[in-house]
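Okay, here's what each chain looks like letter by letter:
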Amino acid sequence: GAVVSQHPSWVICKSGTSVKIECRSLDFQATTMFWYRQFPKQSLMLMATSNEGSKATYEQGVEKDKFLINHASLTLSTLTVTSAHPEDSSFYICSARDFRLAGRYEQYFGPGTRLTVT
Amino acid sequence: AQTVTQSQPEMSVQEAETVTLSCTYDTSESNYYLFWYKQPPSRQMILVIRQEAYKQQNATENRFSVNFQKAAKSFSLKISDSQLGDTAMYFCAETGTQGAQKLVFGQGTRLTINP
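Computed from a predicted model, the values in this text were never measured in an experiment.

**Student:** I'd like to hear about the overall build of chain B, residue by residue, with values.
**Tutor:** The helix and strand inventory of chain B stands at zero helices and twelve strands. Sequence-ordered secondary structure for chain B, helices as α and strands as β, is β-β-β-β-β-β-β-β-β-β-β-β. For 115 residues, the compact-globule formula gives about 13 Å, and the C-alpha radius of gyration of chain B, at 14 Å, lands near that figure. The buried share of chain B, reckoned over its 115 residues, is 49%. Here chain B contributes 10 positively and 10 negatively charged side chains, and the mean placements of these two sets differ by 5 Å.

Dropping the structure here:
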């Protein structure tokens, strides 16, 4: 149980284009999804928190117009990197949890998406 | 503010040995949860063990156990009978039970199990 998928697992795009990453909870309903960015050999950096049906909450320093997050259903959240540049190249990871489950505060993570902007 | 600190960037032990990874944290919340996550070379984050702060008993999951010292704000992970598959980055994390309930991660410890 508690499986989270991400698609694509790896994407290359040209500078100036946009790319969309999907995060799905496969066997549970995710009231909340989180998006992280991870640089090589570093820890996870939280970018934003998205609650189903409402606007995402972005962490300080994260450009909301550049990283568009949509959480339209209880099983799907998307991250769109708009007008991507080489400095946006990174490993993006989503996680999900069901806030309605009492006492269950752990997050379940997707396998990540490696984005390379050329 | 919440902070999580892992002071051991890298560790290396022989297969079948026992290894302990250290973690300290700070939080202003009265109730919170602590976790150890494993990130193998595949980069998939895997939950290893969870500890509820209001429970005094240390959590155990097979070969993995924690030493939770609430007053010292310490949360170490012990891996017994280590296996080659335990080679991974290990992250300590904390979340409060109020507000945004975000996970705060430590810097990670790279653990290598040698044959």
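So much for the structure itself; the text now carries on.
**Student:** Requested: an account of the state of the cysteines, with residues and values cited.
**Tutor:** Residue and element names in this part refer to chain B. Scanning the entire structure with this criterion turns up two disulfides over all chains. Across a sulfur-sulfur distance of 2.0 Å, C23 and C92 are joined as a disulfide pair. Between C23 and C92 the disulfide shows an S-S torsion of about -70 degrees. By sign, it is left-handed. You can see C23 sitting in the loop between β3 (19–21) and β4 (24–26) and its partner C92 sitting in strand β10 (residues 88–96), a full 69 residues away along the chain. The exposure class assigned to C92 is buried, which follows from its relative accessible area of 1%.

**Student:** Give a detailed account of the pattern of salt bridges, specifying residues and quantitative values.
**Tutor:** Applying the stated criterion to the full structure yields eight salt bridges over all chains. Salt-bridge contacts for E59 of chain A lead to K102 of chain B; the nearest nitrogen and oxygen are separated by 3.0 Å. In this pair, E59 of chain A sits in the loop between β6 (57–58) and β7 (67–73) while K102 of chain B sits in the loop between β10 and β11 (104–105), so the two residues belong to two different chains. Relative accessible area serves as the criterion here: at 25%, K102 of chain B is assigned to the partly exposed category. A salt bridge links K66 of chain A to D88 of chain A, with the nearest nitrogen and oxygen atoms 2.9 Å apart.

**Student:** Kindly report on the environment of I46 of chain B, identifying the contributing residues and their values.
**Tutor:** Note that I46 of chain B resides in strand β6 (residues 46–52). The residues touching I46 of chain B, leaving out its near neighbours within four places in the chain, are W36, Y37, K38 and P40 of chain B.

**Student:** Summarise the pairing of strand β12 (residues 109–114) of chain B; cite the residues concerned and give the values.
**Tutor:** Residues and elements named next belong to chain B. The alternating pattern of β12 places T109, L111 and I113 on a buried face, while none of R110, T112 and N114, on the opposite face, is buried. Taken together, the five bridges between strand β2 (residues 10–14) and β12 define a ladder with parallel strand orientation. Pairing of V13 across the sheet is with I113, part of β12. Looking at chain direction, β10 and β12 are connected through three bridges and run antiparallel. Looking across to β12, one finds that Y90 is bridged to T109.

**Student:** So, unusual backbone geometry: which residues are in play, and what are the values?
**Tutor:** Here the bond from H7 of chain A into P8 of chain A is cis, since omega is 0 degrees, no more than 30 degrees from zero. By the secondary structure assignment, P8 of chain A is in the loop between β1 (4–7) and β2 (10–13). Unusually for a residue other than glycine, S83 of chain A sits at a positive phi of about 45 degrees. Structurally, S83 of chain A can be placed in the loop between β8 (76–81) and β9 (90–97). Among the residues examined, S83 of chain A registers a relative accessible area of 35% and is labelled partly exposed. Backbone geometry places A16 of chain B, a non-glycine residue, at a positive phi of 80 degrees. Relative to the elements of secondary structure, A16 of chain B occurs in the loop between β2 and β3.

Calculation criteria
Residue numbers run consecutively from 1 along every chain, following the written order of its sequence. As they are written, the chains are lettered A onward and the ligands numbered 1 onward, keeping that order. With the structure being a predicted model, the display of local features is reserved for residues of pLDDT at least 70 and the display and counting of side-chain atom pairs for 80 or more, all residues being used for whole-chain, interface and lining totals. Side-chain numbers here rest on the full set of heavy atoms in the structure, without hydrogens or water. Helix numbers and strand numbers start at the N terminus; a helix is a DSSP run of H or I with at least 4 residues, a strand a run of E with at least 2. In this setup the radius of gyration rests on C-alpha atoms only. A globule is expected at 2.2 Å times the number of residues raised to 0.38. Here the term buried applies to any residue with accessible area under 20% of the maximum for its type, exposed to any over 50%, and partly exposed to those in between, with areas from a 1.4 Å probe on protein chains only. In this tally, Lys and Arg are treated as positive and Asp and Glu as negative; His is ignored, and so are the chain termini. One atom stands in for each charge, and that atom is NZ of Lys, CZ of Arg, CG of Asp or CD of Glu. Throughout, disulfides are identified as pairs of cysteine sulfur atoms within 2.5 Å of each other. We define a salt bridge as a side-chain nitrogen of Lys or Arg found within 4 Å of a carboxyl oxygen belonging to Asp or Glu. We call two residues in contact whenever any of their non-hydrogen atoms come within 4.5 Å of each other. In this scheme, strands are said to pair when DSSP sees at least two bridges between them.

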